[in-house]
Amino acid sequence: MCTNSAYARADSLPDEPNGYTGFQGLFGAKYVLPVISGGNSVLKDLDGNMIADPSGKVVFPGFDGMFPAITLSYLASMQEHGIPVTFGYISDAPR
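Residues numbered from 1 in each chain as written. Predicted model: local features only at pLDDT ≥ 70, side-chain atom pairs only at ≥ 80, totals over all residues. Heavy atoms only, no water.

Re the overall build of the protein chain
Broken down by element type, the protein chain carries two helices and two strands. Each of the three principal axes of the protein chain carries a C-alpha extent, and together these read 45 × 30 × 25 Å. Residues counted as buried form 25% of the 95 residues belonging to the protein chain. Restricting the contact set of the protein chain to residue pairs at least 6 apart, pairs at least 24 apart contribute 34%. For the protein chain, the computed accessible surface area is about 6500 Å², with 55% contributed by carbon and sulfur atoms. Positive and negative charge centroids in the protein chain, built from 5 and 9 side chains respectively, lie 12 Å apart. (Helix = DSSP H or I, 4+ residues; strand = E, 2+ residues; numbered from the N terminus. Buried < 20%, exposed > 50% of the residue type's maximum accessible area, 1.4 Å probe, protein only. Contact = heavy atoms within 4.5 Å. Areas by Shrake-Rupley, 256 points an atom, 1.4 Å probe, with all protein chains shown as cover. Lys, Arg positive; Asp, Glu negative; His and termini not counted. Charge placed at Lys NZ, Arg CZ, Asp CG, Glu CD.)

What to know about the nonpolar core
In this structure, Leu33, Ile36, Leu43, Ile51, Met66, Phe67, Ile70, Tyr74, Leu75 and Met78 together form the largest nonpolar core, which totals 10 residues. If you list the elements that add at least two residues to this core, you get helix 1 (29–36) and helix 2 (68–80). Per-element accounting of this core gives the leading share, four residues, to helix 2. Leave out the neighbours within four places in its chain, and Met78 touches Ile36, Ile83 and Thr86. (Core = buried A, V, L, I, M, F, W, Y, C linked by side-chain atoms within 4.5 Å.)

Describing the environment of Leu33
On the secondary structure map, Leu33 appears in helix 1. Looking at Leu33, the relative accessible area reads 8%, which means it is buried. Along the backbone, Leu33 and Met78 are 45 residues apart, and their C-alpha atoms lie at a distance of 9.2 Å. Beyond its immediate chain neighbours, meaning those up to four positions away, Leu33 contacts Ser41, Leu43 and Tyr74.

Comments concerning helix 2
Here helix 2 is 13 residues long and its end C-alpha atoms lie 18 Å apart, about the 18 Å a rise of 1.5 Å per residue gives. Listed in full, the buried residues belonging to helix 2 are Ala69, Ile70, Thr71, Ser73, Tyr74, Leu75, Ser77 and Met78. On the buried face of helix 2, the contacting elements are helix 1. One or two steps after helix 2, the chain reaches Gly82, where phi turns positive at roughly 95 degrees. (Expected span 1.5 Å × (residues − 1).)

Below, the structure written as structure tokens:
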């Protein structure tokens, strides 16, 4: 998936024993979103709301805005678009 993106960058995985060559990744929401959102760079949370920052701008909400419905939407979209291993961060689970 990443090798087809103009924004993919090499990641040598320096923590791996003997390194690793040929691995590429997309780093940053502005490069990942077009791949996991069908090309439109916009995702909705699990409640159907556009994911936006605290000011209402439709972008990555920041780590203080990663509520369960948002995090799970990102994770589901990544898995649905072929990323088999995903990790998520939830900033405020009780919400």
